[in-house]
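# Coordinate inspection notes
Okay, here's what each chain looks like letter by letter:
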Amino acid sequence: MATFAPSSWLIITTAIVTASTSAEGAEITILHDFKDSIHAIINATFALTDLGDTRPAIKEMNMNKYQDVTGSIIFNIGSTIGAENTSAVIGPPSSSGVFLLHPHMVISNVPHVSPVAEDPVFEATDRFPRLLRMNKGYHCQLRAIVDLLRKMSWSTLAIISSESDYTRHASEDLRKYGESIGITISLNRHLNDLTGEITIRDHLSDIRRAGNRVVLLLCDHTLASAVLSEASAANMTAAGWAWILWNDVADQLIVQNTDAPRRQSRLFSNGSNELITLPDVPGLLAVRTSFVGGPLLEEFNNEFNRFLGGNFTILPNINQLKYADALLATMYGLSICRGNVTGQSLFNCILNVRNKPGITRNLTFDEGKRETIYDTRYEILNSKSGGRWSNVGMWQAGDSGSNDSLELNRDQLLLPGGLLSIPSYQTRLEFQILEIITIASEPFVKVTSSDKLVGGSVSDGNGKYFSGFCIELLEELKKSLRFKYNIRDLGPDAKFGSRNPVSGYWDGLIGELMYGSVDLIVAPLTITEERLKYIDLTSPFMESELKFAINRHAVTGDESAYFKYSFLLPFSEGLWVALFVSIIVMALYLTLISRLSPYGAHGRYYQSAEGAESCAKLARKRKSSVHLLAMERRRCSMAVIPSGNDPLKQDVSDDEHPKQTEQKDSISDSARGEKLVRTIMKKRSSTTSPDYKPTRSATTSWKESDAGDSDSDEEEGRNARRFMSINNALYFACAGLMWQSPECVPRAPSARVVAGIWYMVGVIIVASYTANLVAFVTYQSTSNHLDSLEALLDQRLISPGTISSSSVEDLLMTSNLDMAGKLYKEILRKPDASLQSSFSSAWELTMKGELALVWDGAYLDHASMQDDCKTSTIPVGFGRPTYGFALHRGSLFTEIFNRQLLELRQSGVIQELTDRYFGSTCENYRTEESSNEQDRLTFSSLSGVFIMIGAAAAGSLVVLAVEWFVVCWMDLQVVDIENRQGFFDALGVRLRRLSDDAKENWMPMSMIANRRPGATRD
């Protein structure tokens, strides 16, 4: 036999290793939580049978040596098993360990035998194809515990369980099954192996405050011993208490006859020879797996004690016997295989074990369920003084769980304190300090930072003060019942609580009550059937009705200046901005295409030879006029001018300063420059001194330039520049969007591609605006009748909404009423806007006129009063929510609070509080004027239109490239053969013409290009 370590196998028993050499390499790995007793179990099992050469080598590992929190040890074990050709694996003992290890067994094709794991998830054979179980799931044990509770007439149960998926599943299944037959699981507290004494005491205190007196320990013996020690110190194991142990603890108990040595009634500490005990608490109950005893039981006990050694008899516990049966079944499988120890063959051989002698029973596997066949029975054990345990009952499963039976010997039953039953426990609240939790929900609970704001405030001792209807009611209960309390809130973003449908856990206030150290929820908690399944709710202290609230001005209109511009409301602000920006961008784009395209009015002329020549002439003319004007001004400044006004200044007053003159001349065309120079020269000749005469070159230079000018070319160029200029393009974009005929239309095919899509966009925009405007105009006839739920559902302008994961949403979602179903369907039409996360955000949308909030009428009426009745609250016609305080499920305080609330109602105290907080409400308001808020079209609503424009622009660029290719190709056809040029030569010529055109004629670049740094500025 060998012992497994994460990195090596060690030989520890020579006899077993020698035997394994004749077993043709068969090896069995055992993962357990025992100590030295594992050697006795293995050797005693081998001694029972004469299997000859089929005895395998054994490798074992004590899982308790490692704190495998992350599962890394299990992972390493699985990897090692696959690498060393292990024939079969037995264990580990925990369900979580089996769950983590089994995928490695599937990959390695190794049979996996589970002796003690009870998680029902293993019943899915398709998920665990290599798993063979010696034990059934825990569902039978749950039924046994519930039957025991019913037999003892105990209706409530608290659970303390270990922190694992297995115990979480078991406690949740126990809660569901118990509640189906009237047993309430009021508390469930989870502990782990590292839990300290303080945490255990806190959980025990929760159980005491909740009034629970029957506790189930769903954990292993280590945690059970720690909990019972603390419970004994807190006097919670005295008379009036009952403790039940899960079979994880009970299966390690050794039940002896009364004449057996005292030491034999104790527990093995991880299966070692050293024995420990649970705290000596008489009256404990335990549910232990029972077995009839197989043919090999007595012989195994003898061999076990022989190998274990010692001067007294030690009987193995149930878990040790199950491990022995698992090893025995595996060896039977090896015998059937007759030396074939491959994974699938050995798996089938073990599964074919039929009616073989066993220790706890004869061994037979069910091929379908892949578990051993046996009658499920549980013993009911009872602890006596001195640490002894005796059998006081037997539970046996019936067919399909319909006729289970429990036999209980009450004459031998002993409960803590020597009592035979738990007396009716009446909680005395005057001795209690309740932990209370609340939430800000005006007017029921108001949380402030100063007690001066509201009279009668209650402090939490940390700077917060609580007031409101519920706080005053709590103070009245405190006076009558004489209890004390500590109060706190969950913060401004807290919720009342809803159940996650996937995990099953509650959040908010209810989650704090169920899983935290809280005794009471003081808040207007709506009483619902779903909540009553998990917590106790007091009798109603107030009844309301379901209403919806709408902004009164959103229905009747407002006389503010904003509504003078209601014609803008069909589109949102963002959409209007997008439209204006698109018009400007479209105008710029068409202007640019007109200049770039060789088929546009501008590009066709200036990219041709004639246009290029005309452009060059105009450039020379501008250069000559600027130079001539500068020269004449220098001459004029040198001449002697008589006194009086200078005619040049009188005629050209704006050109008095050289800088201004140069700027004005630079932007004038050649004809205007010529005229200006001639006027200057004429007036100078008549007003200056006789010594002044203009030079001949100054007078004849313009004549020489005039001879080469062509008025027709100049006019043609001017028309080309103006045809699709920025102002004409801007007008075209506006006219096209509004279905009007523009003065100029694009000529280039590339520009017409965009223009065609732009016309389509205009149709869509105008049609959408018109349709939405008609809806606004006709809204008056709709909004004037929003005085009922039917009217609200018949319109589409104000969407109904509520708060997500609330009792109101649950009511609408689960109600069988047609109107409730229609209302919830309408809410789901726009869930992002209609289902708000909190009342404050929903009320904010209601005040803006964007939502008709469906909520409890008490809240809506109060909120409407706080906002000067700017909203109208209208009953929906169904649903009357009632409010109560919440306690733990099955709490004995519930009945006390119910009686006191009834007394306060009969005495008129609750009615007085109701009149004070809810007496003044705004009247239900019937609308008479139109609304100006509804569903407005946004940018996202018409984003596809702008995508079309972008796609058209991209397409036009492709067409533009084709145009350039075609026109360059055409240029090659009209050139003489002697001067024939290549395609790229033709392309270069046109690009140079385009560059010259941009410098001379494109604005504002032409103005910058025409400024000559060398020009004289007088």
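Look up: the structure comes first, before these words.
The following paragraphs examine the structure supplied in this document. (Residues numbered from 1 in each chain as written. Predicted model: local features only at pLDDT ≥ 70, side-chain atom pairs only at ≥ 80, totals over all residues. Heavy atoms only, no water.)

### Examining the pairing of strand 11 (residues 242-245)
Rules: Exposed residues in this analysis have more than 50% of their type's maximum accessible area, buried residues have under 20%, and partly exposed residues fall in between, with area computed by a 1.4 Å probe over protein chains only. Here a helix means four or more residues in a row that DSSP labels H or I, a strand means two or more in a row labelled E, and each is numbered from the N terminus. Two strands are counted as paired when DSSP detects at least two bridges linking them.
Side chains Ala 242 and Ile 244 of strand 11 all project onto a buried face; the interleaved residues Trp 243 and Leu 245 project onto the opposite face, where all are buried too. Across 4 bridges, strand 10 (residues 214-218) lies against strand 11 in parallel orientation. Its bridge partner being in strand 11, Leu 217 is matched across the sheet by Leu 245. Looking at chain direction, strand 11 and strand 14 (residues 285-289) are connected through 2 bridges and run parallel.

### Things to note about helix 30 (residues 818-827)
Convention followed: In this description, one arc is meant: the one made by directions from the helix axis to the C-beta atoms. Only heavy atoms enter the contact rule, under which two residues are in contact if any of them lie within 4.5 Å.
Of the residues making up helix 30, those classed as buried are Ala 820, Leu 823, Tyr 824, Glu 826 and Ile 827. The buried residues of helix 30 occupy one face: seen down the axis, they fall within an arc of 160°. Opposite the packed face of helix 30, turned more than 90 degrees from it, sit the exposed residues Asp 818, Lys 822 and Lys 825. Contact partners of the buried residues in helix 30: helix 28 (789-793), strand 29 (799-803), helix 29 (807-814), helix 31 (831-834), strand 30 (835-836) and strand 31 (851-856).

### Some words on the nonpolar core
To keep things clear, this is the line we draw: The definition of a nonpolar core used throughout is a set of buried Ala, Val, Leu, Ile, Met, Phe, Trp, Tyr and Cys residues joined through side-chain atoms within 4.5 Å.
Ranked by size, the top nonpolar core spans 64 residues in total, and within it Phe 444, Phe 469, Leu 473, Phe 483, Phe 541 and Phe 897 carry the most contacts. Among the elements that line this core, the one with the most residues is helix 13 (residues 469-481), at 7 residues. Filtering out sequence-adjacent residues up to four positions away, Phe 541 remains in contact with Phe 444, Phe 469, Cys 470, Leu 473, Ala 523, Pro 524, Tyr 883, Gly 884, Phe 885, Leu 901, Arg 905 and Ile 910. Counting 43 residues, the second largest nonpolar core, distinct from the first, contains Ile 28, Ile 58, Ile 90 and Phe 300.

### With respect to a nonpolar patch on the surface
Inclusion rule: The patches reported here contain residues having more than 30% relative accessible area and no salt bridge. Joining distances are 9 Å for like charges and 5 Å for nonpolar side chains (Val, Leu, Ile, Met, Phe, Trp, Tyr). Accessible areas in this description were obtained via Shrake-Rupley with a 1.4 Å probe; residue shielding takes into account the shown protein chains only. The term salt bridge refers to a side-chain nitrogen of Lys or Arg lying within 4 Å of a carboxyl oxygen of Asp or Glu.
Side chains of Val 958, Val 962, Phe 965, Val 966, Trp 969 and Met 970 sit close together on the surface and give an oily, nonpolar patch of about 590 Å² of accessible area. With respect to the helices, strands and loops of the structure, Met 970 is situated in helix 36 (residues 943-973). Overall, Met 970 belongs to the partly exposed group, its relative accessible area being 47%.

### Description of the pattern of salt bridges
For the structure shown, the criterion picks out 22 salt bridges. Ionic pairing is found between Glu 379 and Arg 288, a salt bridge with its closest N-O pair at 2.9 Å. With Glu 379 in strand 17 (residues 377-383) and Arg 288 in strand 14, the pair connects residues that are 91 residues apart, well separated along the chain. Accessibility classification places Glu 379 together with Arg 288 in one group, the buried group. Lys 547 is the partner of Glu 545 in a salt bridge, and the nearest nitrogen-oxygen pair spans 3.9 Å. For Lys 547, a relative accessible area of 8% corresponds to the buried category.

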